[in-house]
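Residues per chain, in single letters:
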Amino acid sequence: MNINNLKKICVAGSGTMGRQIALCAAIHGIDTYLYDVSAAALENADSWVNEYLAGRVKKGRMTQEETDAARQKMHIASSLETAVTDAQLVIEAIIERQDIKEAFFREVSQLVDKDTVLATNSSYLVSSLFCDAVENPGRLANLHFFHPALVMRLTEVVSGEHTSKETVAFLEEFSKLIGKTPVHVEKEVDGFVVNRILRALKEEAFWLAENKVCDPQMIDIAVEMGLNHPMGPFKLTDMSGIDITYYQQDKRYQASGEKPKGYDLIREKFEANELGRKTGKGFYDYTEKK
């Protein structure tokens, strides 16, 4: 578990977060295998990588040589075994459901070396939930990136009671290696640090909208101009995905029996499949105006 021995990583899940985490590592010279159970999702991610890198050259942010090098380090893998074999780190970025993540870690644990570091990018599901699925759980932790992962410079390295100091050190050094600043969260708490603070702000905004105090667009303007935030809470929810917010809120509702602030507002959007940018509509309309 030495960062100097890092030669290959796997990122599982080729959605918005997974593909960006993988490309970030590839840009920094690490052989990165992006895996997904969906062939169509992998094909979409591969096309996105090419478009993103071409855009960086066009904007003068990267040279053609740099993007060619990144492309050579970025591998698309339809087989989990191929993706994780000989990897020193596996980062899970799949759907935010405990049962699916647990099944994934159970399978991966049988395919990798006993000291391969296993990390979940989950925003809310702590790694201790998956201890029983993993042999040698000392190598298991949350490594939480922020959206968009190619731009945001922070990671949260979250220790469970099972997580070894060596795993924390490895994930901190990996974060630095790919240009991020890691924050060590020493206890598993719901929402970790950033999302716990952000959740309080967002739910107050949801309450204001749900109670017709102010509409979402006006609340965003107020937060952006009054608090100097780069993005208001509704724009941010659209960007990260209203489904993610719904799953988080519903989990808390089921556990406590008490609806979080704005629960009905978020559920209405979720049930209408208005999930934000990914579906073209959320609190804002992202479809092309004709």
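Quick caveat: nothing in here was measured; it's all calculated off a predicted structure.

Visitor: Got a minute to help me understand helix α10 (residues 242–256) in this structure?
Guide: Given 3.6 residues per helical turn, the α-helix brings residues three or four places apart onto the same face. In a regular helix each residue adds 1.5 Å, so 15 residues correspond to 21 Å; α10 covers 21 Å between its end C-alpha atoms and thus fits that length. Looking only at α10, the buried set comprises Ile-242, Asp-243, Thr-245, Tyr-246, Gln-248, Gln-249 and Asp-250. Phi for Gly-257, located one or two positions after α10, is positive at around 80°.

Visitor: Where do I start with the packing of helix α7 (residues 194–210) against helix α9 (residues 233–240) in this structure?
Guide: Where α7 contacts α9, the axes come no closer than 10 Å and their chain directions differ by 110°. Accordingly, the angle class assigned to the pair α7 and α9 is roughly perpendicular. In terms of crossing hand, the pair formed by α7 and α9 is left-handed. Two secondary-structure elements touch here, α7 through Leu-198, Leu-201, Lys-202, Ala-205, Phe-206 and Ala-209 and α9 through Pro-233, Phe-234, Leu-236, Thr-237 and Ser-240.

Visitor: What is the right way to look at the pattern of salt bridges in this model?
Guide: Here the idea is simple: oppositely charged side chains can pair when their charged atoms come close. All told, the structure shown has 16 salt bridges when counted by the stated rule. Taking the shortest distance from any N to any O, the salt bridge between Glu-96 and Lys-101 comes out at 3.5 Å. We note that Glu-96, like Lys-101, is buried. A salt bridge links Lys-261 to Glu-204, with the nearest nitrogen and oxygen atoms 2.3 Å apart. On the criterion of sequence distance, the pair formed by Lys-261 in the loop between α10 and α11 (263–271) and Glu-204 in helix α7 is long-range, its members being 57 residues apart. The exposure class assigned to Glu-204 is partly exposed, which follows from its relative accessible area of 38%. One network of salt bridges, in which partners are shared, links Glu-92, Glu-96 and Lys-101.

Visitor: Mind showing me how you'd approach the sheet that holds strand β6 (residues 140–145) here?
Guide: Backbone-to-backbone hydrogen bonds pair the strands of a sheet. The strands run either parallel or antiparallel. What the 8 strands build is an open sheet, ordered β3-β2-β1-β4-β5-β6-β7-β8; its pairing is mixed. The outermost strands of the open sheet, each flanked by one partner alone, are β3 (74–77) and β8 (181–185). With strand direction ignored, the average angle separating the axes of adjacent strands in the sheet is 25°. Pairing of strand β5 (residues 117–120) with β6 involves 3 bridges; the strand directions are parallel. Directly across from Leu-118, in β6, lies its bridge partner Leu-140.

Visitor: What is the right way to read the side chain of Gln-20 from this model?
Guide: Mapped onto the elements, Gln-20 comes out in helix α1 (residues 16–27). Not counting chain neighbours up to four residues away, the residues in contact with Gln-20 comprise Trp-48, His-147, Pro-148, Ala-149 and Leu-150.

Visitor: Sorry, what's going on with the side chain of Lys-269 here?
Guide: Residue position: Lys-269 is located in helix α11. Classification of Lys-269 by relative accessible area gives buried; the value is 16%. For Lys-269, the side chain forms a polar contact with the main-chain oxygen of Gly-282, separated by 2.8 Å. Beyond its immediate sequence surroundings of up to four residues, Lys-269 is in contact with Ile-242, Glu-274, Leu-275, Gly-282 and Phe-283.

Visitor: Just checking my understanding: could you explain the pairing of β5 for this structure?
Guide: The side chains of a regular strand alternate, first on one face of the sheet and then on the other. Neither face of β5 is left uncovered, since the one carrying Val-117 and Ala-119 and the one carrying Leu-118 and Thr-120 both have all their residues buried. The pairing of strand β4 (residues 89–92) with β5 spans 4 bridges and is parallel. Each bridged residue has a counterpart across the sheet, and for Ile-91 the counterpart in β5 is Ala-119. Handedness of the crossover is the feature at issue here: the chain leaves β4, passes through helix α5 (residues 98–109), returns alongside β5, and the resulting connection is right-handed.

Visitor: Quick question: what am I supposed to make of α5 here?
Guide: In this model α5 runs 16 Å from its N-terminal to its C-terminal C-alpha over 12 residues, within 8% of the 16 Å that 1.5 Å per residue would give. Among the residues of α5, those classed as buried are Lys-101, Phe-104, Phe-105, Val-108 and Ser-109. For α5, the angular spread of buried residues about the axis comes to 125°, placing them on one side. At its buried positions, α5 is contacted by β1 (8–12), α4 (80–84), β4, β5 and β6.

Parameters and conventions
- Residues numbered from 1 in each chain as written.
- Predicted model: local features only at pLDDT ≥ 70, side-chain atom pairs only at ≥ 80, totals over all residues.
- Heavy atoms only, no water.
- Helix = DSSP H or I, 4+ residues; strand = E, 2+ residues; numbered from the N terminus.
- Expected span 1.5 Å × (residues − 1).
- Buried < 20%, exposed > 50% of the residue type's maximum accessible area, 1.4 Å probe, protein only.
- Axes fitted to C-alpha atoms, helices over the stretch in contact; angles between N-to-C directions.
- Parallel < 35°, antiparallel > 145°, perpendicular 65-115°, else oblique.
- Left-handed = near helix turned anticlockwise from the far one by under 90°.
- Contact = heavy atoms within 4.5 Å.
- Salt bridge = Lys/Arg side-chain N within 4 Å of Asp/Glu carboxyl O.
- Pairing = 2+ DSSP bridges.
- Polar contact = N/O pair within 3.5 Å; in protein donor to acceptor, adjacent residues only side chain to side chain.
- Right-handed = clockwise from strand over helix to strand, strands pointing away.
- Arc of directions from axis to C-beta.

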